[in-house]
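Chain residues, written in single-letter form:
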Amino acid sequence: MKKFTCVADIGDLRAAVAEALELKADRYKYCELGRNKTAMLVFFNSSLRTRLSTQKAAMNLGMNVMVLDVNQGAWKLETERGVVMDGDKAEHLLEAIPVMGSYCDIIGVRAFASLSDREADYQERIIEQFIRYSGRPVFSMEAATGHPLQAFADLITIEEHKQTARPKVVLTWAPHPKALPQAVPNSFAEWMNAADYDFVITHPEGYELDPRFVGNARVEYDQRKAFEGADFIYAKNWSAYNEADYGKVLSQDRDWTVDEEKMALTNNAHFMHCLPVRRNMIVTDGVIESERSLVIPEAANREISAQVVIKRLLEGLQK
Ligand code: AN0
Ligand code: CP
């Protein structure tokens, strides 16, 4: 594997899940693979899980790890080409990227959507420049339009807990006070479609996602109807994707909060969320604390999804 930004990069999903479960059972089996190799993790945005789980995954493979928080201690970076740099930005991404690449063997990048320029966000301008100019295999730790390490961990978690071959999985929008990217729901939809589950997306009108990610999923505007018979409820907030409202919060309607009454409509569904989660906005205390909640095992599987991805990037270096 030469890069990891979307489901296509991982290839056959059955094989990827099998590899994940093999690594989970023996996480130090390939501890020599990364010896004398360095992973650099570059963060343009905050993180708890991605930062820790990706470091742990690289360490399990015997790698050295360097973490850079671009906004804390590094020079302020200009990302647009052609700008006269007479403001507060001291360095351009076009120098910073190859410099970072010169110190490592693989690079992970977290660079969220601006939510102000849909075209620039959906062209993935930041991570694409890392792919082009770093000279190293690059993997997404949540870019503008996708969070594939999260979606892969979610897939592993569903495979571990499903009771039927083709479970009903429901992605539901839920309220949040701030404008959040579409990256998590986009990737979740992409991976659920690839896994060929019975997949339904529910959200208020105006929150339609990019059709390229929605694919063949069924869209149901009545949340309660969507929940009927569900085996997994995956909650997430996102801001509007449509051109007129891009990046805006259109609703904070707490009638969309996932609560016990709505979970009772499901087939005793498991509750999932990528975290961090705002309690009693996205989900009630009762649901997230219930025995059907998978939020902690889901987060734990981030170490496993990252380890499969980094292992494959390391194997790709040898070819
Ligand atoms: C981010 C998002 O919604 O993309 C990261 C989620 C993993 N969430 C927040 O900023 C709260
Ligand atoms: N789920 C997730 O990516 O969490 P962090 O933003 O804390 O890394």
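Rules of the game
- Residues numbered from 1 in each chain as written.
- Chains lettered and ligands numbered in written order.
- Predicted model: local features only at pLDDT ≥ 70, side-chain atom pairs only at ≥ 80, totals over all residues.
- Heavy atoms only, no water.
- Axes fitted to C-alpha atoms, helices over the stretch in contact; angles between N-to-C directions.
- Helix = DSSP H or I, 4+ residues; strand = E, 2+ residues; numbered from the N terminus.
- Parallel < 35°, antiparallel > 145°, perpendicular 65-115°, else oblique.
- Contact = heavy atoms within 4.5 Å.
- Nonpolar A, V, L, I, M, F, W, Y, C, P; charged D, E, K, R; others polar.
- Near = heavy atom within 4 Å.
- Polar contact = N/O pair within 3.5 Å; in protein donor to acceptor, adjacent residues only side chain to side chain.
- Areas by Shrake-Rupley, 256 points an atom, 1.4 Å probe, with all protein chains shown as cover.
- Domains from an automatic or database assignment.
- Core = buried A, V, L, I, M, F, W, Y, C linked by side-chain atoms within 4.5 Å.
- Buried < 20%, exposed > 50% of the residue type's maximum accessible area, 1.4 Å probe, protein only.
- Buried area = accessible area lost by both parts, 1.4 Å probe.
- Salt bridge = Lys/Arg side-chain N within 4 Å of Asp/Glu carboxyl O.

Caption draft 1: Looking closely at the packing of helix α2 (residues 13-25) against helix α7 (residues 148-161). Where α2 contacts α7, the axes come no closer than 10 Å and their chain directions differ by 80°. Taken together, α2 and α7 sit at an angle that is classed as roughly perpendicular. Contacts between α2 and α7 pair L13, A16, V17, A20, L21 and K24 from the former with F152, L155, I156, E159 and E160 from the latter. Taken together, the residues of the contact of α2 with α7 sort by class into eight nonpolar, no polar and three charged.

Caption draft 2: Highlighting the site of ligand 2. The local shell around ligand 2 consists of S47, L48, R49, T50, R110, H147, Q150, C274, L275 and R302. The separation between an oxygen atom of ligand 2 and a polar side-chain atom of R110 is 2.8 Å. Between ligand 2 and the protein, one listed contact pairs a nitrogen atom with a backbone N or O atom of C274 at 3.0 Å. Burial of ligand 2 by the surrounding chains reaches 93%, relative to a free accessible area of 250 Å². Residue composition of the shell around ligand 2, by class: three nonpolar, four polar and three charged. There are two domains that each give the shell around ligand 2 at least three residues, and those are domain 1 (3-146 + 302-317) and domain 2 (150-298).

Caption draft 3: Focus on the nonpolar core. Of all hydrophobic cores here, the largest spans 55 residues; its most connected members are I10, F139, F152, W191, F199, V309 and I310. Considering each element in turn, this core owes the most residues, seven residues, to helix α13 (residues 295-317). Discounting chain neighbours no more than four positions away, the residues touching W191 are F4, C6, V7, I10, L13, P148, A151, F152 and L155.

Caption draft 4: Focus on the site of ligand 1. As a structural note, the neighbourhood of ligand 1 is formed by F112, E142, H147, L180, P181, K236, C274, L275 and P276. Within the side chain of E142, one N or O atom sits 2.6 Å away from an oxygen atom of ligand 1. In this structure, K236 approaches ligand 1 through a side-chain N or O atom, which is 2.7 Å from an oxygen atom. Here ligand 1 loses 83% of its free accessible area of 340 Å² to cover by the protein chains.

Caption draft 5: Summary view of the environment of K2. Position of K2 relative to the elements: it lies in the segment before β1 (3-4). Along the chain, K2 and F213 lie 211 residues apart, while their C-alpha atoms are 22 Å from each other. Here the side chain of K2 touches G316 through a polar contact of 2.8 Å, landing on its backbone oxygen.

Caption draft 6: The domain arrangement of the protein chain, seen in detail. In terms of domain boundaries, the protein chain breaks down into domain 1 (3-146 + 302-317) and domain 2 (150-298). Computed from C-alpha coordinates alone, the two centres of domain 1 and domain 2 are separated by 25 Å. Taken together, the 28 residues of domain 1 in the interface contact 32 residues of domain 2. Both faces combined, the contact of domain 1 with domain 2 buries some 2300 Å², and carbon together with sulfur accounts for 66% of it. One can count two salt bridges joining domain 1 with domain 2. With a closest N to O distance of 3.8 Å, R118 and E243 form a salt bridge. Summed over the shared surface of domain 1 and domain 2, the number is eight residue pairs in polar contact (both at pLDDT 80 or more).

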